[in-house]
Protein chains: 2
Amino acid sequence: MSILVVGSIALDTVETPRGKVNDSPGGSALYFSAAASFFAPVNVVGVVGEDFDFSWIEFLKQRQVDLKGLKVEKGATFRWGGRYHSDMNQRDTLFTYLNVFEKFNPDIPENYRNCEYIFLANIDPELQLNVLNSVENPTLTVLDTMNFWISGKREALDEVISRVDVLILNDEEIRELTGIRHVHVAARELLKRGPKVLVVKKGEHGAVMVSQDDYFFAPAYPVEEVVDPTGAGDSFAGGFVGYLARQKQLNSTAFRKAVIYGTTIASFNVESFSFERLKNLQPQEIDQRVERLREMTRF
Amino acid sequence: MSILVVGSIALDTVETPRGKVNDSPGGSALYFSAAASFFAPVNVVGVVGEDFDFSWIEFLKQRQVDLKGLKVEKGATFRWGGRYHSDMNQRDTLFTYLNVFEKFNPDIPENYRNCEYIFLANIDPELQLNVLNSVENPTLTVLDTMNFWISGKREALDEVISRVDVLILNDEEIRELTGIRHVHVAARELLKRGPKVLVVKKGEHGAVMVSQDDYFFAPAYPVEEVVDPTGAGDSFAGGFVGYLARQKQLNSTAFRKAVIYGTTIASFNVESFSFERLKNLQPQEIDQRVERLREMTRF
C-alpha cells in the first residue's frame, strides 16, 4: 500500500551540545519519508527553492520514495535555525525564513490521489483540509500538528481533527488541546472529537496510544548519545505509518507494533544530524532494537 | 522472610482537588507497611505521641505487621499539612510540626535485628546509618531519601548510598544527585556509587529500573481518579520490597515483577485519602491490575 505525505522541506541550521550543521536537509516531509521508506512506497508533496540540491536526497529515490510531487519554485528553500539547550529537551528557534514555503499550497498530483495512507505533516490546518478534500477514500489518515496552530488556527484545526483517523501529538500539545493534564484522561476526551486512535509522544518517557478499546504504554529506547533531536517526531510518524501501510489488517496488534517501529526509527534518527543515521540504517538494525524494546518491558 | 522498616508515622492534614482530611494517619513507615503487608511479615520502628490512637491502624496488626517497635513518647505525634495543586503533581507544604519525631533515634529491638529485608524510609541519613549498623547481615537493604537530605546532609547520604543494595528515587532526585538529566545515564552513574539496583519513579510516566545487567521500563497504571497522591512513593516501596521478600531467588525477573507490584499497590493507594483503599484492598484486585499492566505493554 502506498503513502502520501504532505509537509515541509527545509534547510536546517542546527546547533546542539554535540555539534553544529548549516543548511542541512530536513523538514517534516523528508524526515517522515526517510523513516517510512523502510516499509512502503512513499509519495511526497512539498516545495523547494532553486537552491535545493536533489543529490542530497538521492538515497530516498533508491528506497521507493517518489519525489515527483516536489515542486521547485523560484526563490530560496524554507530555512530554519535552532539551538538546543544542554538537556536537548528544549530548543530556541533562532530564525525562520519561509521563502518559497510561504505560498505553499499543496497540489496533489492525479496519480497520488488514490494513496491508501495519508500523513498530514505539521502545516497550516487549512492546507491540511485541502489535502483531505483532494484524496480519494483513503484507508487511514494520520495528522500531526503543533502548538502554533492549536492557538492560532483552532477552528480549521478542529475540523481537520474531526476528519482524521489518527492524531499524533506530544504531551504538551494534548494538554493545550484539551486543558486536561493527565494524558490518558485527555486522550479519552480527544477521542470524542473524531479520531479513532491517539498517539501521545512523551520523549524519554515513551509513548502512549489510546483508542476506544485499547490502551498501550510504549517504552522509549534509551539512546546512548542524542546528537540532534530534530525530526524525531516526523521519523516516529514515518515508522508508525510505514509499518501500518505494510499490514494486511489494521487491528490493535498492528497499531501497537506501529508505535514500537515509530519509536525505534526515531531513536536512530536522533543519533545524527539530518538524515545521516537513517541513510545508512539497515533493516536488521531496526529489528534488533524492536527486540530490545520487547525485552525491556517483559515481566 | 521478614521485613524491617524504619521511618515516620504522621498525622496528615491534606487538601486535594478531591477533598480534605484532618489529622489522618500516614507517614512513610505506615504507608510502606500497609503495602508490604500483602506479601510478607513487617516489623515497624518509629515513634508516635500520646495522641496517637492505635485503633486507626488495627488493620495492620491483622496483616502480619508487628507494631511493637513503635514507641509512644510524651508529646504530640508528628504532623504534616499539605495542599496539592489542581494537577496533583505539585504540592505546597502548609506546615510541619515534628513534635516527638524531632528527637527520633531509631532503637532497633533485638528480635528485629535479623530481619532479612530492610527498608530505610525517608529520614535523616545519619539515622539511616545507625539502622544499617544495628542490623545483622540482611539479604537486601533498600533506601529512600528526598531532596531535603540531598542538599542538606550530602556526606552522610553518600555513605548510606554506598552501603545499600537498592536505591529508590524519583526523577527529580536522581537529577539532583547526579547533575545528569537523562535518567538512564544518571542511573548508570549512580550504580558506580554502591547500589546494585536503581529504581526511578516517574509518576504517570511509570518507572525505570537499572542494574549492571538489566534495564526495565515499567508502565504507570492509568488511575481513573487520583484522590490523594500522599504515600504513593512509600506504598510503591512497600509493594516492591514486599514482593521481593516473598521470592526464593532475587534474580532480574523477581526485581522486574517487584517494580510492577510496587506500581500496582501505589496505584490503589492514591485512590483514597490515608489508608482507606489499602485497608479494603483484596489480593485478587492486585493480581488483576498486574495482569492489566502486562496487557498494556504487550506487542
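Located above this text is the structure these notes cover.
Parameters and conventions
- Residues numbered from 1 in each chain as written.
- Chains lettered and ligands numbered in written order.
- Predicted model: local features only at pLDDT ≥ 70, side-chain atom pairs only at ≥ 80, totals over all residues.
- Heavy atoms only, no water.
- Contact = heavy atoms within 4.5 Å.
- Buried area = accessible area lost by both parts, 1.4 Å probe.
- Salt bridge = Lys/Arg side-chain N within 4 Å of Asp/Glu carboxyl O.
- Phe/Tyr/Trp six-rings, centres within 6.5 Å; stacked < 30°, edge-to-face > 60°.
- Helix = DSSP H or I, 4+ residues; strand = E, 2+ residues; numbered from the N terminus.
- Buried < 20%, exposed > 50% of the residue type's maximum accessible area, 1.4 Å probe, protein only.
- Polar contact = N/O pair within 3.5 Å; in protein donor to acceptor, adjacent residues only side chain to side chain.
- Pairing = 2+ DSSP bridges.
- Axes fitted to C-alpha atoms, helices over the stretch in contact; angles between N-to-C directions.

## Brief notes about the interface of chain A and chain B
Turning to step 1, where the next piece is worked out: Listed per partner, the contact involves 33 residues of chain A and 33 residues of chain B.
Turning to step 2, where the next piece is worked out: Interface area, chain A with chain B, both sides summed: about 3,300 Å², of which 53% is carbon and sulfur.
Turning to step 3, where the next piece is worked out: Among the residues chain A hides against chain B, the three largest losses belong to Glu204, Phe217 and Phe299 of chain A. Together they make up 27% of the total.
Turning to step 4, where the next piece is worked out: Applying the counting rule to chain A against chain B returns eight salt bridges.
Turning to step 5, where the next piece is worked out: For the salt bridge of Arg175 of chain B with Glu204 of chain A, the shortest nitrogen-to-oxygen distance reads 3.0 Å.

## Observations concerning the packing of aromatic side chains
Turning to step 1, where the next piece is worked out: As enumerated under the stated definition, the model contains 31 aromatic pairs over all chains in all.
Turning to step 2, where the next piece is worked out: Ring geometry for Tyr31 of chain A against Phe275 of chain A: centres 4.8 Å apart, planes inclined by 55 degrees, an arrangement best described as tilted. Of this pair, Tyr31 of chain A sits in helix α1 (residues 28-36) while Phe275 of chain A sits in the loop between α9 (252-269) and α10 (276-280), and the two are 244 residues apart along the sequence. Just as Tyr31 of chain A is buried, Phe275 of chain A falls in that class too.
Turning to step 3, where the next piece is worked out: Aromatic side chains Tyr243 of chain B and Tyr261 of chain B sit 4.7 Å apart centroid to centroid with 10 degrees between the ring planes, which places their arrangement in the stacked category.

## Re the side chain of Thr13 of chain A
Turning to step 1, where the next piece is worked out: Topologically, Thr13 of chain A is positioned in strand β2 (residues 10-16).
Turning to step 2, where the next piece is worked out: Engagement of the side chain of Thr13 of chain A in a polar contact is seen with the backbone nitrogen of Asp23 of chain A, the distance being 3.2 Å.

## Some details on the pairing of strand β4 (residues 42-49) of chain B
All names here are of chain B.
Turning to step 1, where the next piece is worked out: Within β4, eight of the eight residues are buried, leaving the element largely enclosed by the surrounding structure.
Turning to step 2, where the next piece is worked out: Here β4 shows a buried face lined by Val42, Val44, Gly46 and Val48 and a second buried face lined by Asn43, Val45, Val47 and Gly49.
Turning to step 3, where the next piece is worked out: Where β4 meets strand β5 (residues 65-66), two bridges bridge the pair, whose relative direction is parallel. The partner of Asn43 across the bridge, within β5, is Asp66.
Turning to step 4, where the next piece is worked out: Here β4 runs beside strand β6 (residues 70-73); their pairing, made up of four bridges, is parallel. Its bridge partner lying in β6, Gly46 is registered against Leu70.

## Observations regarding the environment of Phe59 of chain B
Residue and element names in this part refer to chain B.
Turning to step 1, where the next piece is worked out: Here Phe59 shows up in helix α2 (residues 58-61).
Turning to step 2, where the next piece is worked out: Judged by relative accessible area, which is 11%, Phe59 ranks as buried.
Turning to step 3, where the next piece is worked out: Expressed as a C-alpha distance, the spacing of Phe59 and Glu116, which sit 57 residues apart in the sequence, is 24 Å.
Turning to step 4, where the next piece is worked out: The residues touching Phe59, leaving out its near neighbours within four places in the chain, are Ala34, Phe275 and Lys279.

## Brief notes about the sheet that holds strand β8 (residues 91-97) of chain B
All names here are of chain B.
Turning to step 1, where the next piece is worked out: Pairing within the open sheet is mixed, and its four strands lie in the order β3-β2-β7-β8. Of all the strands in the sheet, just β3 (19-26) and β8 have a single pairing partner and so form its edges. The sheet shows a mean angle of 15 degrees between the axes of neighbouring strands, taken without regard to direction.
Turning to step 2, where the next piece is worked out: Here strand β2 (residues 10-16) pairs with strand β7 (residues 79-84) via five bridges, running parallel. Residue pairing across strands places Leu11 opposite Arg79, the latter belonging to β7.

## A word on the pattern of salt bridges
Turning to step 1, where the next piece is worked out: This structure, assessed with the given rule, holds 48 salt bridges over all chains.
Turning to step 2, where the next piece is worked out: As a salt-bridge pair, Arg181 of chain B and Glu204 of chain A come within 2.9 Å of each other at their nearest N and O atoms. Within this pair, whereas Arg181 of chain B is found in the loop between α6 (171-178) and α7 (183-191), its partner Glu204 of chain A is found in the loop between β12 (197-201) and β13 (207-211), the two belonging to separate chains.
Turning to step 3, where the next piece is worked out: Measuring nitrogen to oxygen at the nearest pair gives 3.9 Å for the salt bridge that ties Glu159 of chain B to Arg163 of chain B. Of the two residues, Glu159 of chain B and Arg163 of chain B both sit in helix α5 (residues 154-163), four residues apart, roughly one turn of that helix.
Turning to step 4, where the next piece is worked out: When its relative accessible area of 36% is taken as the criterion, Arg163 of chain B is described as partly exposed.

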